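Listed below, chain by chain, are the residues.
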Amino acid sequence: MPDRKKLLIVEDNEINRALLVGVLSSEYDIYEAGNGEEALKLLEEHSEEISLILLDIIMPVMDGYTFLSIVKKNPRLYSIPVIVTTQNDAEADEVTALSHGATDFISKPYKPKVILHRVASIIRLRETAAMVNLFKYDRLTGLFSKEYFFTKGRELLQQNPTKEYVLVCSDIENFKLTNDAFGTQECDRFLKGVADICRGLLDKHGIMGRFYADQFVCLAELGHFDYQVFDQIVEEVNSFSQIKNISMKFGVYIIDDRSVSIEQMCDRALLAADGIKGHYGQNYAVYDDVLRGRLIREQAITDSMESALASGQFDIHLQPKYRVADGALSGAEALVRWNHPQWGMQYPNDFISLFEKNGFITTLDAFVWERACQIMHKWDEEGRKPLSISVNVSRADAYKARLPELLKEIVDRHGLHPERLHLEITESAYTENPAQIIETVSRLRELGFIIEMDDFGSGYSSLNMLNELPIDILKLDMRFIQSDEHKLSKEGILNFIMGLASWMNLGVVAEGVENERQVERLRELGCDYVQGYYYARPMPLEDFERIILNDNKAKAAEPQVNLT
Ligand code: C2E
Ligand code: MG
Ligand code: MG
């Protein structure tokens with residue numbers, strides 16, 4: 001039977017799944033998945049073939065709503081219709097499903113004929129022009145949708161082979177936070193306003209589209225384009241709405257090579273915009289050779305990372321941590337280093353964010369945790385003081401549901417109590433996805449791990465949220481300690497944080513301590529632990545072990561090491 005359409009059934013209950021397969025396999029070929037995560041994996045390969053998805057909501061590992069929200073954000077997947085299966089009469093479920101972007105729902109117990117009809121008519125609908133038309137325009141702003149923008153852009157370039165064009169993408173910094181703070185309605189109104197402003201100023205000689213929430217894109221004739229337009233847009237955007245201090249960044253790609261696909265052109269423009277996030281006062285950046293160089297380098301890193309790990313190029317350095325009260329060595333932070341045979345020593349800032357993007361961070365972090373535990377085990381065997389080691393846990397790891405089991409298995413294997421391994425999770429990870437992080441971290445804490453909130457003060461946790469978080473220690477962002485030590489007002493902030501920490505029963509580590517003055521201030525304020533170049537830089541294991549020996553010998557109140 002040629003040309004049978006394909007469906008994906010996502011359902012954890014085997015009986016229900018078998019029922020649906022029984023009903024639908026007479027007409028369709030069927031892919032099956034037991035939860036959202038499996039379904040996403042399947043879609044990675046087969047998204048083109050699948051005409052419709054039948055989705056259960058309550059499932060382990062990844063539930064239907066999470067799955068839906070991921071699918072609806074993915075430009076390759078969002079137009080695949082999704083029918084949600086709900087319990088009989090659960091109207092609330094049905095409404096929620098529709099509001100999450102489901103096309104329709106069917107309720108249990110299943111009625112085979114109804115199901116067959118619904119599936120057939122929705123597939124037909126999707127294929128008709130009417131439905132396609134719906135996907136041409138972004139419903140909120142009326143601009144082109146992503147796919148349609150690509151189609152129209154390709155057409156425009158093909159029809160005007162001699163005209164010069166420029167592609168501009170824009171992105172709003174921390175828009176998710178704005179969304180949380182002002183609510184969806186206000187933000188939708190805001191985005192509509194931004195679209196109007198951009199349309200007015202940009203697309204007179206081109207076309208415009210909206211990608212995800214806050215990403216706008218425009219293909220315009222170079223001859224009619226003026227960089228000053230960005231200042232104008234930023235000014236107007238900041239004055240029309242009650243949402244203030246919006247930082248909008250523009251990336252520009254000048255189309256000089258038509259063999260590059262329009263999707264790639266957009267990626268490049270976005271990359272340029274990304275590069276100036278956090279640069280105050282700079283509205284736009286042009287994609288150029290510097291960025292191209294960065295991409296090539298990233299590719300080289302990606303190509304060599306696995307063999308580098310296998311051949312022992314990665315190792316950890318340890319940076320000592322001291323107790324302020326008596327100056328005793330209290331532990332270390334493990335910081336990964338990559339000793340590359342050609343490039344020399346590579347530091348985390350050169351590769352961690354890339355590994356977070358390409359997924360390798362999970363492997364590398366597991367290696368670091370393993371190595372830290374090996375070292376503590378060795379110290380125990382040698383009868384040394386049972387120091388603890390803090391390791392960094394990337395946000396990518398923290399979102400993994402199996403993280404607690406994995407970490408427990410590692411400490412168990414080395415005969416260590418979990419409290420020896422401190423886990424540093426950055427504050428920003430908590431603010432991105434609070435519910436999921438809180439759940440995973442709570443389980444880690446129940447298992448006995450000590451949880452440190454890294455770079456506290458650099459993110460945006462509210463006091464309210466802080467109170468709910470399962471943490472033991474605040475690790476202050478080094479900018480707090482370093483930013484203008486002489487200003488009394490900053491002392492006020494530090495003072496306030498110390499008070500907060502003691503009220504919440506949290507220990508405090510100050511990192512990035514670089515001079516005596518800072519130490520004194522931290523001591524006065526009652527900070528518990530310090531770490532920083534003033535005491536020692538991160539160092540190889542052999543050097544750190546020498547520090548342990550000195551610490552044992554001297555046991556003095558003042559730090560004896562200063563390896564800077
Ligand atoms: P972090 O966890 O906040 O680590 C502190 C960073 O500050 C380290 O940089 C350390 O060398 C540096 N530092 C320590 N004392 C001072 C000081 O007194 N002054 C100044 N200016 N800097 C100081 P490093 O090793 O380059 O690591 C940078 C970041 O990379 C880390 O920030 C952490 O977020 C990440 N990272 C490092 N190792 C790992 C790892 O194994 N896994 C993951 N996921 N992330 C890691
Ligand atoms: Mg850290
Ligand atoms: Mg830190």
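**Student:** Looking at this model, I keep getting lost on the coordination of the magnesium ion (ligand 3). Mind explaining?
**Tutor:** In a perfect tetrahedron of four donors around a metal, the angles come out at 109.5 degrees. In a perfect octahedron of six, they are 90 or 180 degrees. Coordination of the magnesium ion (ligand 3) by the protein is provided by D454 (OD), D455 (OD) and E511 (OE), with metal-donor distances spanning 1.8 to 2.2 Å. Mapped onto the polypeptide sequence, the residues donating to the magnesium ion (ligand 3) form the spacing pattern D-D-x55-E. If you look at the magnesium ion (ligand 3) and the magnesium ion (ligand 2), they sit 3.9 Å from each other and are both ligated by D454. Take D455: its relative accessible area is 22%, and that puts it in the partly exposed class.

**Student:** Would you take a moment to explain the sheet that holds strand 1 (residues 6-10) for this structure?
**Tutor:** By way of backbone hydrogen bonds, the strands of a sheet pair with one another, either parallel or antiparallel. The 5 strands are arranged 2-1-3-4-5 in an open sheet whose pairing can be described as parallel. Looking at strand neighbours, the two that pair on one side only are strand 2 (29-33) and strand 5 (104-107), the edges of this open sheet. Recorded for the sheet is a direction-independent mean angle of 25 degrees between the axes of neighbouring strands. Packing of helix 5 (residues 112-127) onto the sheet brings it into contact with strand 1, strand 3 (50-56), strand 4 (82-86) and strand 5, and relative to strand 3 it is tilted by some 135 degrees.

**Student:** Honestly, the coordination of the magnesium ion (ligand 2) in this entry has me stumped. Any pointers?
**Tutor:** Coordination of the magnesium ion (ligand 2) by the protein involves E333 (OE), N392 (OD1), E424 (OE) and D454 (OD), with metal-donor separations of 1.9 to 2.3 Å. Counting the intervening residues between successive donors of the magnesium ion (ligand 2) yields the motif E-x58-N-x31-E-x29-D. According to the relative accessible area criterion, N392 is partly exposed, its value standing at 25%.

**Student:** How should I be thinking about the site of ligand 1 in this particular structure?
**Tutor:** Looking at ligand 1, there are 25 residues lining it, with R337, D365, N392, E514 and Y533 nearest. The contact in question runs from an oxygen atom of ligand 1 to an N or O atom on the side chain of E333, over 2.9 Å. Measuring from an oxygen atom of ligand 1, one finds a backbone N or O atom of Y533 at 2.8 Å. Summarising the interface, the protein chains cover 86% of the accessible area of ligand 1, which totals 800 Å² for the free molecule. Breaking the shell around ligand 1 down by element, the ones donating at least two residues are strand 12 (329-340), helix 13 (348-358), helix 14 (361-381), strand 16 (450-456) and helix 20 (478-482). Residue contributions to the shell around ligand 1 peak at 4 residues, all from strand 12. Taken together, the residues that form the shell around ligand 1 break down as 10 nonpolar, 7 polar and 8 charged.

**Student:** Help me out: how do you make sense of the sheet that holds strand 9 (residues 248-254) in this one?
**Tutor:** Strand order across the open sheet formed by 5 strands is 7-8-6-9-10, with mixed pairing between neighbours. The open sheet has two edge strands with one neighbour each: strand 7 (206-210) and strand 10 (284-286). Here the average twist between neighbouring strands, direction ignored, is 15 degrees. Pairing geometry for strand 6 (residues 165-172) and strand 8 (residues 216-221), over 6 bridges, is antiparallel. Among the inter-strand pairings, S170 is bridged to a residue of strand 8, identified as F216. Sitting on the sheet, helix 10 (residues 229-240) is in contact with strand 6, strand 9 and strand 10, with an inclination near 155 degrees to strand 9.

**Student:** Help me understand the pattern of salt bridges in this model?
**Tutor:** Pairs can form between side chains of opposite charge whenever their charged atoms are close. In this structure the tally under the stated criterion is 36 salt bridges. Among the salt bridges present, the one from D56 reaches K108, with a minimum N-O distance of 3.4 Å. Of the two residues, D56 sits in strand 3 while K108 sits in the loop between strand 5 and helix 5, which places them 52 residues apart along the sequence. We classify K108 as buried; its relative accessible area is 11%.

**Student:** How should unusual backbone geometry be read in this particular structure?
**Tutor:** Trans peptide bonds make up the majority, and among non-glycine residues the majority have a negative phi. Cis peptide bonds are those with omega within 30 degrees of zero, and the linkage from K108 to P109 qualifies with -5 degrees. One can find P109 in the loop between strand 5 and helix 5. Backbone geometry at V61 places phi at a positive 65 degrees, although glycine is not the residue there. Residue placement: V61 occurs in the loop between strand 3 and helix 3 (64-73). One non-glycine residue, N505, lies in the positive phi region at around 65 degrees. Judged by relative accessible area, N505 falls into the exposed class, the value being 71%.

**Student:** What should I look at first to understand empty space enclosed by the protein in this one?
**Tutor:** Empty space among the atoms becomes visible once a probe the size of a water molecule is rolled across them. A complete count under the given rule lists 2 cavities of 30 Å³ or more for this structure. Computed from the structure, the second largest cavity encloses a volume of approximately 40 Å³. Around the second largest cavity, the lining residues are V168, C169, S170, C198, L202, M208, F216, V217, C218 and F250. Elements supplying a minimum of two residues to the lining of the second largest cavity: strand 6, helix 9 (184-202) and strand 8. The residue inventory of the lining of the second largest cavity, partitioned by class, reads 9 nonpolar, 1 polar and no charged.

**Student:** How do you make sense of the environment of D104 when you look at a structure like this?
**Tutor:** When you line up the elements, D104 lands in strand 5. Remark: the alpha-carbon pair of D104 and I122, spanning 18 residues in sequence, is separated by 8.5 Å. Aside from chain neighbours lying at most four places away, what touches D104 is V82, I83, V84, L98, R118 and I122.

Rules of the game
- Along each chain, the written sequence defines residue order, and numbers are assigned to residues from 1.
- As a convention, the first chain written is A and the first ligand written is 1, with the rest following in written order.
- Under the rules for a predicted model, residues below a pLDDT of 70 receive no local features and side-chain atom pairs below 80 are neither given nor counted, while totals for whole chains, interfaces and linings still include all residues.
- Computation of side-chain values: all heavy atoms of the structure, hydrogens and water removed.
- Note on donors: an N, O or S atom is included if it sits within 2.8 Å of the metal, or within 3.2 Å for Na, K and Ca, and water is never included, so sites can look incomplete.
- When accessible area is computed with a 1.4 Å probe and restricted to protein chains, residues below 20% of their type maximum are described as buried, those above 50% as exposed, and intermediate ones as partly exposed.
- The rule for pairing is simple: two strands pair if DSSP sees at least two bridges between them.
- Numbering goes from the N terminus for both helices and strands, where a helix is a DSSP run of H or I of at least four residues and a strand is a run of E of at least two.
- Note on definitions: angles span 0 to 180 degrees between N-to-C directions of axes, and those axes are lines fitted to C-alpha atoms, for helices only across the stretch in contact.
- By definition in these notes, contact holds between two residues if any of their heavy atoms fall within 4.5 Å.
- The criterion for a residue being near a molecule or strand is simple. One of its heavy atoms has to lie within 4 Å of it.
- Counted as a polar contact is a pair of N or O atoms within 3.5 Å, where, for protein atoms, one must be capable of donating a hydrogen and the other of accepting one, and residues adjacent in sequence contribute only when both atoms are in side chains.
- In this description, accessible areas are obtained by the Shrake-Rupley approach with a 1.4 Å probe, and a residue is regarded as covered only by the protein chains that are shown.
- Throughout, the ten residues Ala, Val, Leu, Ile, Met, Phe, Trp, Tyr, Cys and Pro are labelled nonpolar, Asp, Glu, Lys and Arg are labelled charged, and all others, Gly among them, are labelled polar.
- What makes a salt bridge here is a side-chain nitrogen of Lys or Arg within 4 Å of a carboxyl oxygen of Asp or Glu, nothing more.
- Each cavity reported here is a set of points on a 1 Å grid over the protein atoms alone in which a 1.4 Å probe fits but cannot get out, each pocket an open set with protein on both sides within 12 Å along at least five of seven lines, and each lining residue one with an atom within 4 Å of a point.
- Grid points are joined across faces, edges and corners, and a volume is the space filled by probe spheres set on the points.

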